[in-house]
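Overview (structure and organization)
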Amino acid sequence: MTDGFFGPYGGRFVPETLIPALEELQAGWRQAQDDPAFWEELDSLGREYAGRPTPLTLAQRFSPGRRIYLKREDLLHTGAHKLNNALGQAVLARRLGKRRIVAETGAGQHGVATATVCARFGLECVVYMGEEDMRRQRPNVERMRLLGAEVRPVDFGTRTLKEATSEAIRDWITNVETTHYLIGSCVGPSPYPEIVRDLQAVIGREAREQVLAAQGRLPDAVVACVGGGSNAIGIFYGFLADEDVRLVGVEAAGAASLGVGRTGVLHGARSSLLADEDGQILDARSISAGLDYPGVGPEHAFLRDSGRAEYVTANDEEALAAFQRLAETEGIIPALEPAHALARAAELEAEVIVVCLSGRGDKDLDEALGYLHGL
Amino acid sequence: MACDDRTQGEARKALCIYLMAGPEAPALAEAAVEGGADLVEIGFPFSDPLADGPVIRRAAERALRDGMRTTACLECLAETRRRVRVPLVPMTYASLLEAYGYEQFERDARAAGATSLIVADLPADERPDLRRVQLVAPTSTDERILLAAERTDGWLYLVTLTGTTGPRQTLSPQLAGLVERARRLTDVPLYAGFGIATPDQARAAAELADGVVVGSRALEVAEEGPAALRRYVASLRAALDAAG
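Reading the values: rules and limits
Throughout, a residue's number is its position along its own chain's written sequence, starting from 1. The order in which chains are written sets their letters, starting at A; the order in which ligands are written sets their numbers, starting at 1. Whole-chain, interface and lining totals are the exception, using all residues; otherwise, since this is a predicted model, local features are given only for residues with pLDDT of at least 70 and side-chain atom pairs are given and counted only at 80 or more. Every C-beta atom is placed from the backbone, and the number of other C-beta atoms within 10 Å of a residue's own sets its class: buried at 20 or more, exposed at 12 or fewer, partly exposed in between. Every helix listed is a DSSP run of H or I at least four residues long, and every strand listed is a run of E at least two residues long, numbered separately from the N terminus. For two strands to count as paired, DSSP must find a minimum of two bridges between them. Here, residues touch in the contact sense if the C-beta positions derived from the backbone fall within 7 Å of one another. Any residue that is not Ala, Val, Leu, Ile, Met, Phe, Trp, Tyr, Cys, Pro, Asp, Glu, Lys or Arg is counted as polar, Gly included; the first ten are nonpolar and the last four charged. Nonpolar cores are built from buried Ala, Val, Leu, Ile, Met, Phe, Trp, Tyr and Cys residues. These are joined into a set through C-beta atoms within 7 Å. Note on geometry: axes are C-alpha line fits, over the in-contact stretch for helices, and angles between N-to-C directions span 0 to 180 degrees. By the definition adopted for this analysis, an angle is roughly parallel if under 35 degrees, roughly antiparallel if over 145, roughly perpendicular if from 65 to 115, and oblique otherwise.

Quick notes on helix 10 (residues 298-306) of chain A
Since there are 3.6 residues in each turn of an α-helix, residues three or four apart along the chain are aligned in direction. Those residues of helix 10 of chain A not exposed but buried are Pro298, Glu299, His300, Ala301, Phe302 and Leu303 of chain A. Positive backbone phi, approximately 85 degrees, marks glycine 307 of chain A, located one or two places after helix 10 of chain A.

A few points about the pairing of strand 14 (residues 352-357) of chain A
Residue and element names in this part refer to chain A. Counting buried residues along strand 14, five of its six residues qualify, which places the element largely inside the surrounding structure. The pairing of strand 4 (residues 67-72) with strand 14 spans six bridges and is parallel. Pairing of isoleucine 68 across the sheet is with isoleucine 353, part of strand 14. Two elements, strand 9 (residues 221-225) and strand 14, share three bridges in a ladder whose sense is parallel. Bridge assignment links valine 222 to a residue of strand 14, and that residue is valine 354.

A closer look at the interface of chain A and chain B
At the interface, 29 residues of chain A touch 29 residues of chain B. If you list the elements that add at least two residues to the side of chain A that touches chain B, you get helix 1 (19-33), helix 7 (161-174) and strand 11 (262-266) of chain A. Broken down by element, the residue count for the side of chain A that touches chain B peaks at six residues, all from helix 7 of chain A. Counted by class, the side of chain A that touches chain B contains 13 nonpolar, eight polar and eight charged residues.

Some thoughts on the nonpolar core
Core analysis: the largest hydrophobic core is formed by 218 residues, its most contacted members being Leu158 and Val212 of chain B. With eight residues, helix 8 (residues 192-215) of chain A is the largest single contributor of residues to this core. Among all residues touching valine 212 of chain B, those that are not within four sequence positions of it are Leu15, Cys16, Tyr191, Ala192, Gly193, Ile196, Ala202, Ala205, Ala206 and Leu240 of chain B.

Regarding the environment of alanine 201 of chain A
Locating alanine 201 of chain A in the fold gives a position in helix 8. Sequence-distant contacts of alanine 201 of chain A, defined by excluding residues within four places in its chain, comprise Gly234, Tyr237 and Gly238 of chain A.

Describing unusual backbone geometry
Residue and element names in this part refer to chain A. Each neighbour pair has its own omega, and for arginine 52 with proline 53 the value is -5 degrees, a cis peptide bond. Summarising the element assignment, proline 53 is placed in the loop between helix 2 (36-50) and strand 3 (56-58). Cis rather than trans, the peptide bond between serine 190 and proline 191 has omega equal to 15 degrees. Here proline 191 lies in the loop between strand 8 (179-181) and helix 8. Although it is not a glycine, arginine 159 adopts a positive phi angle of roughly 55 degrees. Structurally, the position occupied by arginine 159 is in the loop between strand 7 (150-154) and helix 7. The exposure class assigned to arginine 159 is partly exposed, which follows from the 18 C-beta atoms found within 10 Å.

Some words on the environment of glutamate 34 of chain B
All names here are of chain B. With respect to the helices and strands, the residue glutamate 34 is situated in helix 1 (residues 25-35). Judged by C-beta crowding, with 15 C-beta atoms within 10 Å, glutamate 34 ranks as partly exposed. Here the alpha-carbon distance between glutamate 34 and leucine 229, two residues 195 residues apart in the chain, equals 9.7 Å.

Regarding the packing of helix 11 (residues 316-330) of chain A against helix 13 (residues 365-374) of chain A
All names here are of chain A. Taken N-terminus to C-terminus, the directions of helix 11 and helix 13 make an angle of 105 degrees; their axes are 11 Å apart at the nearest point. The angle between the axes of helix 11 and helix 13 places the two elements in the roughly perpendicular class. Touching Leu320, Phe323 and Gln324 of helix 11 are Ala368, Tyr371 and Leu372, all from helix 13. Of the residues that constitute the contact of helix 11 with helix 13, the class distribution is five nonpolar, one polar and no charged.

Let's talk about the pairing of strand 4 of chain A
All names here are of chain A. For strand 4, a buried count of five out of six residues is recorded, marking the element as mostly surrounded by other parts of the structure. Bridge analysis of strand 3 against strand 4 gives three bridges, and the strand direction is antiparallel. Opposite threonine 57, over in strand 4, you have leucine 70 as the bridge partner.

In structure tokens:
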């Protein structure tokens, strides 16, 4: 990818006001990419602050008779893979001379990761969050505030991640000269999908080495949940060149942008979206706030079309069952997002499987227990 | 440019009024033209309008609830065309054109009476084949202003501020610098929009640019009906005619 497109997907569909900022970001990113000092700083932050490398855990009781390995991003500082991206973009923002950060958040994990890195680097932090998500993910709202971030409720439209993202972009349009938009997934206008992928690719690099060390061979399949798709693109990237490794993305059944979506433009990029025949964006619906998004990263749409990755769905009940089962069989409470990946991995016809356990489930206890007791 | 006689067409500052597509739009457009509008923009609503502030966003939400999808918007455009003779310019977002087909959209919009198009999230380097009014902003480099001016359809839309649409307390101080740079680079007419709501702001913007675009405040006034809109547009017209 050199022109900001992945096949027909991607691009920069934003108001002109943002184009120079995207060009500046692209130039800053190219410089950082070629600067060993940038990667050394990230590596050392990863080791000493975030807790990298994260372990690869064999889930023996979860799926007896097969070898399902969990890539434990739930053990990363702040409890999810989101920190990989937030740390990298914060270092990048500092290089660009931006002292104010805006972000959107759905489940709150990206908001917490952003608030965390802003505290760590002394940056001003504003996080937009839909009112419905603030209700579902109360503990994360409190965590962001404790970390010194301002959480701005978004009280219109779906009151979820879609509107929070639009408001974060509107803030960025307004304050573009001082502000870096720290987008949380591999979505948005170019070069964001590429930046987020490259910052999350550490998951796949580590997982590949670890599974080779543990099994002496590559896995048959790599499975990850897909909302915007950042943990999935991160782990897929480690195995992209290994053509015999199946790459399986799992969407929430009520938010299957790749499964039932059509081509459209949302939040600055052309991708596969939940949209009607007029191009109006539809509401997604999932028990998992982190998957509750009608769009997806443009590179996933490209990987779907090319056939390199396959995308399936899991519904709320299947995710909840996997959530409970992993807790009971392995002593690990997953977030509801990767519980979707676990649900499909458990029935995949494959012997060795790596699942990206993208986050831990503490944030989901109220929501999940409410459903489980109600079932 | 020194002449301020309103009877001399070339010196007259252009007044563009933005309305949201809907059942009332043709009558409102007629009232705006009676009040002195030279051009009417018709918003084709999109569910996620990134360039718009709360007033236009809410109007878009309402229009979508009322069923103003692309086909209904094109019918509204055609009906407006039957009632007024000024240029009509649909303003929308790329997602609608992706779904409808860019060429088909352009063809059908022009057949329904559109003079040009504005697509708020389609920068000049995307889809260069689609003839439309290009936008530039205070953040645009000279290189991008030049590109937009070369590709624009008739006039260049100067976004007066870094921000979304909606009324502001004062005219953006960024406009003067943007006009100065654009004048150096191109001869196309320059119309200023975003954050222009009062006659005073319109006059101040028209002292710099060749025309002004008024959107959010026009929508607010339009809710009171065509007569109120006619009076409001007339007050803007008078202010523009007083600009030098």
